[in-house]
Amino acid sequence: MNSNGSVMLITGMILLAATACSRSGDTPVPGSARVATTATGKKADPAPERYLITGRVERVDVPRKILVVFHDEVKGYMPAMTMEFLVSDGDLALAKPGQKIRAEMIPSKDGDFRLEKIWPDDRSIEGAAVAAGALQLRQDTHTRGKNAYREVGETVPDFSLYDQSGRVVQSARFRGKQLMVNFIFTRCPVATMCPASTAKMMTAQKLAREAGVPNLELISITLDPSYDTPGVLKEFADVRGIDTVNFSFLTGPETAIKDLLTQFGVIAQFQGDILQHTLTTLLIDAAGKISHRADGSQWEAQEFVQKMRRP
Ligand SMILES: [Cu+2]
């Protein structure tokens, strides 16, 4: 990173230091069925028990907001069986019979079961592609070492992530297009940070369309993949009425997100329950090179649209 980049980042950190969010639970540890329930909240109200499950969606019951899932054995808790699970609107919208998923199962006091943190199973075709992309990115970041940060003029790294529809999105899809990128997380409580950034991305999308900018794609990459699953991103986009024709919300394995943040020079770190983060917005040209970057929250949609290529 050049000295200018460092200064920008530090300035960003100070401006954005107030960002906060609370983390609802720990990331599940693969291989252990019972998810550690850390009491991050008040001690009197312990977090509900969570169990990692893998399984296959059998049926989607939209009116009842239920997924019928045949799940594998949950060691020490229950054998393999078909069960009904309550899910969020976003997860309900994405679910399809036959899908292989992994998720956290949460039993409630009144005998219901919920599923949260639903992801395509790593053993599915999509899961394997995303895992391979994460590994490649890990190696790339490692190989670049101190030069991991991509300057303006450099090519962006390859990635494979999921969008808000649970589809695999690979960076190759954006070659030949202009790409505007920012980084957010859906639970960001600071109005001037992620919410403002999302609003400006929407404005840029609209202004670019009005200005006749061709082949534009916009992506928002999550800073918080432990919470922002495809279903969470789907609901985030739907609630805001975002036109996802050329505006996607991306998430994926924690290592892949971490490596992308390193390469794009974005800082995001949990300090206890608080996610501290900087903001960066980038414009990437049709050849995959970074053509413009704005650090912090003081950027305007118009400034980006003016820098986009027209026919
Ligand atoms: Cu934020």
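Here the structure is a predicted model, which is why all the values come from computation and not from measurement.

So, how was this worked out
Residues numbered from 1 in each chain as written. Predicted model: local features only at pLDDT ≥ 70, side-chain atom pairs only at ≥ 80, totals over all residues. Heavy atoms only, no water. Buried < 20%, exposed > 50% of the residue type's maximum accessible area, 1.4 Å probe, protein only. Helix = DSSP H or I, 4+ residues; strand = E, 2+ residues; numbered from the N terminus. Pairing = 2+ DSSP bridges. Polar contact = N/O pair within 3.5 Å; in protein donor to acceptor, adjacent residues only side chain to side chain. Donors = N, O, S within 2.8 Å, 3.2 Å for Na, K, Ca; no water. Phe/Tyr/Trp six-rings, centres within 6.5 Å; stacked < 30°, edge-to-face > 60°. Lys NZ or Arg CZ within 6 Å of the ring centre and 35° of its normal. Core = buried A, V, L, I, M, F, W, Y, C linked by side-chain atoms within 4.5 Å.

1. Concerning the pairing of strand S3 (residues 66-71)
Burial analysis of S3 places five of its six residues in the buried class, the great majority of the element. Between strand S2 (residues 50-61) and S3, which follow one another and run antiparallel, lie four residues, and Lys65 among them has a positive phi close to 55°. One ladder, built from six bridges, connects S3 with strand S4 (residues 81-86); its direction is antiparallel. Bridged to Leu67 within S4 is Phe85.

2. Some thoughts on the environment of Ser226
Along the polypeptide, Ser226 turns up in the loop between strand S10 (216-222) and helix H5 (230-239). Each C-alpha atom of the pair Ser226 and Glu254 lies 7.1 Å from the other, and the pair is 28 residues apart in sequence. In terms of polar contacts, Ser226 uses its side chain to reach the side chain of Asp224, at 2.9 Å.

3. With respect to the coordination of the copper ion
Donor atoms from the polypeptide that bind the copper ion are Cys188 (SG), Cys194 (SG) and His277 (NE2), placed at 2.1 to 2.2 Å. Ordering the donors of the copper ion by residue number gives the pattern C-x5-C-x82-H. Remark: His277 occurs in strand S13 (residues 274-277) and Cys194 occurs in helix H4 (residues 194-210); sequence separation between them is 83 residues. Here Cys194 matches His277 in class, with each residue buried.

4. Concerning the packing of aromatic side chains
Counted according to the given criterion, the structure contains eight aromatic pairs. Note on Phe183 and Phe264: the rings are 5.6 Å apart at their centroids and 50° apart in plane angle, and the pair reads as tilted. Taken together, the positions of Phe183 in strand S9 (residues 178-184) and Phe264 in helix H6 (residues 254-264) put the pair 81 residues apart, joining distant regions of the chain. Exposure remark for Phe183: the relative accessible area of 0% places this residue in the buried category. An aromatic cluster is present here, built from Phe236, Phe247 and Phe249 joined pairwise through their rings. Sitting over the ring of Tyr227, Arg187 keeps its end group 3.9 Å from the ring centre. Lys200 extends its terminal NZ or CZ atom over the ring of Trp299, reaching a point 4.5 Å from the ring centre.

5. Comments concerning the nonpolar core
Side chains of nonpolar character tend, in soluble globular proteins, to be buried together. Within the largest apolar cluster, 51 residues are counted, with the highest numbers of intra-cluster contacts made by Met180, Phe183, Ile221 and Phe264. Counting 18 residues, the second largest nonpolar core, distinct from the first, contains Val74, Val87, Leu92 and Ile101.

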